[in-house]
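Chains, contacts and geometry: an overview
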Amino acid sequence: MHIMVQKFGGTSLSSPEAREHVLSHIRRELDNDYRLVIVVSAMGRRGDPYATDTLLDLIEQTGGSLSPREQDLLLCCGEIISASTLSSLLHREGISSTVLTGAQAGFRTDSHFGNARILDIVPSRVLEELEYNEVVIVTGFQGQNLDGEFTTLGRGGSDTSATALGAALRAEMVDIYTDVNGILTADPRIVEDARALPYVSYAEICNMAHQGAKVIHPRAVEIAMQAGIPIRVRSTFAQGEGTLVANPEGFRDVQSGVVDRYVTGIAYVGNVTQITVQPAEQQEANLQLKVFKAMAENAISVDFINVTPSGVVYTVFDCDAVQASAVLEEMGFRPRILTGCAKVSVIGGGINGVPGIMAKIVEALTEQGIQILQSADSNTTIWVLVNKEDMVQALRALHTKFELAH
Ligand code: ADP
Ligand code: ASP
Ligand code: MG
């Protein structure tokens, strides 16, 4: 049996017109003799009736709060509505299908409600249903813990459902359908001349996704990489093949030189706060240890960490800034807090050891009068922290400087 997994994101399912496009991709692959396992997200984005954010807003509107267990129960409804709607559409078309929840499809997770990790997948029911149906629709983003409770996999988690199921079923391909033509050199909502990349290695997109390119969830890529399953990220609304994500060896047959590029793309994470802690008049013993221990004890995730003899500089998400500041002040520190920053990343496997990359970054930003608040690098990424109001200009300037549109 040739199995293909197709995953359709929120915008791909948000309107009757969009769903007609979804149908065309399903019909085409059925004609290609695939048995299809379709993973769906909740329909639409915030404001649309059954989107995940709309469901979350329901809790806000009631002015109440909901325990993580019940919140996951609520969130699972979005994907169930989406899957059932698609099944009814397929029925209209004479295509046999059935719907399975994450639990029924065999997703077993830990009990971390809201951000559960997949422990394993037992896809026997999916395989069984594929014997009788051309299409099995699985609700993305959800699983079940060992006590039988519904869990969700974290925002954007339907991508992870798709690749994990692809791995469990040994699918030939996992196609991630979305509202852009593939993986681009930058977020096209910000950089208008961003270019779709025909081929990207698992490592390249994994880095980009970790640095904020939300076109695919990084966990989804990691799972596909471990299983060696190729992914195509492609548009629901066009017929192109989008971006193939695989190991570079897989590309050499189709196009040479692909892995030689220096920079693959630019990504960003907005809404971060820079925190600087320096010792008071007399030398503070173990300042670094005290600060990071306190952050860990309060479950505040830290990033962009620079430790120097004169103190520490790091970032937290804006939503954690007030708590982080209060914790530090309670310990007697006087932290300097700079909210409204953005982390901009230049990513590429080819930048390692290449002289002049940082010089180009500094040149691009200073030409635009953009102040660099902090920087760091690894062998595949250079990060700069800028004020959020400079972020869009910084992304565009870097995209141009590295000639990514060509
Ligand atoms: P879906 O609902 O289909 O999962 P998402 O909104 O999660 O869609 O992801 C698609 C969006 O990712 C695009 O609309 C685009 O704005 C954004 N995006 C960010 N960075 C990139 C990138 N490098 N390439 C393509 N899209 C990107
Ligand atoms: N519906 C979920 C979310 O909005 C999962 C997903 O779209 O991947 O996060
Ligand atoms: Mg997504």
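Let me begin by describing the structure that accompanies this report. Keep in mind that what you see is a predicted model, and the values were worked out from it rather than measured.

Points about the pairing of strand 12 (residues 243-246)
- Here strand 12 shows a buried face lined by Thr243 and Val245 and a second buried face lined by Leu244 and Ala246.
- Strand direction decides the pairing type here: strand 10 (residues 199-201) and strand 12, joined by three bridges, are parallel. Pairing of Val200 across the sheet is with Val245, part of strand 12.
- The pairing of strand 11 (residues 231-235) with strand 12 spans three bridges and is antiparallel. Among the inter-strand pairings, Ile231 is bridged to a residue of strand 12, identified as Val245.

Some points on unusual backbone geometry
- One non-glycine residue, Ala299, lies in the positive phi region at around 55 degrees.
- Mapped onto the elements, Ala299 comes out in the loop between helix 9 (287-297) and strand 14 (303-308).
- For Ala299, a relative accessible area of 71% gives the class exposed.
- If you check the backbone angles, Glu403 has positive phi at about 50 degrees while not being a glycine.
- Considering the arrangement of structural elements, one finds Glu403 in the segment after helix 12 (391-401).

Section: the layout of surface pockets
- Roughly 290 Å³ of volume is contained in the second largest pocket.
- Along its surface, the second largest pocket is lined by 13 residues, and Asn115, Arg117, Leu153, His217 and Arg219 are the ones closest to its centre.
- Along the lines of polarity and charge, the residues of the lining of the second largest pocket split into four nonpolar, five polar and four charged.

What to know about the sheet that holds strand 11
- Spatially, 3-6-2-1-9-11-12-10 is the arrangement adopted by the eight strands of the open sheet, whose pairing is mixed. Here the strands that pair on one side only, and so sit at the sheet edges, are strand 3 (97-100) and strand 10. Adjacent strand axes in the sheet meet at a mean angle of 20 degrees, parallel and antiparallel pairs treated alike.
- Across the sheet, helix 1 (residues 16-31) is in contact with strand 1 (3-8), strand 2 (35-40), strand 6 (135-139), strand 9 (173-178) and strand 11; its angle to strand 1 comes to roughly 175 degrees.
- In the packing of helix 3 (residues 68-92) onto the sheet, contacts are made with strand 2, strand 3 and strand 6, and the angle to strand 6 comes to roughly 165 degrees.

How each quantity is defined
Residues numbered from 1 in each chain as written. Chains lettered and ligands numbered in written order. Predicted model: local features only at pLDDT ≥ 70, side-chain atom pairs only at ≥ 80, totals over all residues. Heavy atoms only, no water. Buried < 20%, exposed > 50% of the residue type's maximum accessible area, 1.4 Å probe, protein only. Helix = DSSP H or I, 4+ residues; strand = E, 2+ residues; numbered from the N terminus. Pairing = 2+ DSSP bridges. 1 Å grid on protein atoms, 1.4 Å probe; cavity = no way out; pocket = protein on both sides within 12 Å on 5 of 7 lines; lining within 4 Å. Points joined across faces, edges and corners; volume = space filled by probe spheres on them. Nonpolar A, V, L, I, M, F, W, Y, C, P; charged D, E, K, R; others polar. Axes fitted to C-alpha atoms, helices over the stretch in contact; angles between N-to-C directions. Contact = heavy atoms within 4.5 Å.

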